[in-house]
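Take a look at the letters that make up each chain.
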Amino acid sequence: MNKAYLGATLLGLAGCTAAGASAINPSDDLHCAVMIRILEQNADEFGATPVAKKGLYVLQTWYFSKIKRERLAEAQGVVEAMKENPGQISSASQKCSNRAFGDPGFARWKSIASDDYDQKAMR
């Protein structure tokens, strides 16, 4: 899974959704976590490849690991914002991906989460 492939996949998947992101803040870990999680949950519907599904898993676990539990109550607001402006999920999800790949700690997380995904897939 590389940044360019995952970025292209996010653009493609997000372009297939009926949800949007004008109120989505790609600089906010909760917003990225919720948005990527929704894309991950709908990956089969959008025809995502196994590598893309793995990438979405890695990204959403990264962002969920960074947020405080108390913020989870705000998740529904992110979902509602996504429903209001479908045309903006693509660029927001790409920004979330770029932000993750730009974080020095992400490379290590990506390795661990990828292994976790593979182990779950084997069960």
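The structure displayed is predicted, hence computed values, not measured ones. (Residues numbered from 1 in each chain as written. Predicted model: local features only at pLDDT ≥ 70, side-chain atom pairs only at ≥ 80, totals over all residues. Heavy atoms only, no water.)

Visitor: Hey, could you run me through the packing of aromatic side chains in this one?
Guide: Geometry of an aromatic ring pair is reported as the spacing of the ring centres plus the angle between the planes. Considering all chains together, one arrives at four aromatic pairs under this definition. Taking 5.3 Å as the distance between ring centres and 50 degrees as the angle between the ring planes, the aromatic pair formed by Tyr 57 and Tyr 117 counts as tilted. Here Tyr 117 lies in helix α6 (residues 106-122) and Tyr 57 lies in helix α3 (residues 50-66), a separation of 60 residues in the sequence. Judged by centre distance (4.9 Å) and plane angle (65 degrees), the rings of Phe 101 and Phe 106 are edge-to-face. Judged by its relative accessible area of 2%, Phe 106 is buried. Grouping aromatic residues by their ring pairs yields a cluster made of Trp 62, Phe 101, Phe 106 and Trp 109. (Phe/Tyr/Trp six-rings, centres within 6.5 Å; stacked < 30°, edge-to-face > 60°. Helix = DSSP H or I, 4+ residues; strand = E, 2+ residues; numbered from the N terminus. Buried < 20%, exposed > 50% of the residue type's maximum accessible area, 1.4 Å probe, protein only.)

Visitor: Any chance you could explain the pattern of salt bridges here in plain terms?
Guide: Side chains that differ in sign of charge can pair as their charged atoms come close. This model, assessed by the stated rule, comprises nine salt bridges. Of the charged contacts, one joins Lys 53 and Asp 44 as a salt bridge, the two residues approaching to 2.2 Å between their closest N and O atoms. Between Arg 71 and Glu 74 there is a salt bridge whose closest N-O contact spans 3.0 Å. What makes Arg 71 partly exposed here is its relative accessible area of 24%. The exposure class of Glu 74 is partly exposed, given its relative accessible area of 40%. (Salt bridge = Lys/Arg side-chain N within 4 Å of Asp/Glu carboxyl O.)

Visitor: Where do I start with α6 in this structure?
Guide: The periodicity of an α-helix, 3.6 residues per turn, causes residues three or four positions apart to be oriented the same way. Here α6 spans 24 Å end to end across 17 residues, near enough to the 24 Å set by a 1.5 Å rise per residue. Structurally, α6 contributes buried residues whose contacts are with α3 and α5 (89-102). (Expected span 1.5 Å × (residues − 1). Contact = heavy atoms within 4.5 Å.)

Visitor: Can you help me understand the side chain of Glu 40 in this one?
Guide: Position of Glu 40 relative to the elements: it lies in helix α2 (residues 29-41). Under the relative-accessibility criterion, Glu 40 is labelled buried at 15%. Within the structure, Glu 40 has its side chain in polar contact with the side chain of Arg 37 (distance 2.6 Å). A polar contact is formed between the side chain of Glu 40 and the side chain of Gln 60, at a distance of 3.1 Å. Excluding its chain neighbours within four sequence positions, the residues that come into contact with Glu 40 are Leu 56, Tyr 57 and Gln 60. (Polar contact = N/O pair within 3.5 Å; in protein donor to acceptor, adjacent residues only side chain to side chain.)

Visitor: Just to check I follow, could you spell out the state of the cysteines for this structure?
Guide: One covalent bond between the sulfur atoms of two cysteine residues makes up a disulfide. All chains considered together, the criterion is met by one disulfide. With its sulfur 2.0 Å from that of its partner, Cys 32 forms a disulfide with Cys 96. Across the S-S bond of Cys 32 and Cys 96 the torsion is about -80 degrees, and the bridge reads as left-handed. Placement of Cys 32 in helix α2 and of Cys 96 in helix α5 is noted, with a sequence separation of 64 residues between them. The pair formed by Cys 32 and Cys 96 is uniform in burial state, with each residue classed as buried. (Disulfide = S-S within 2.5 Å.)

In short, geometric facts, not functional conclusions.
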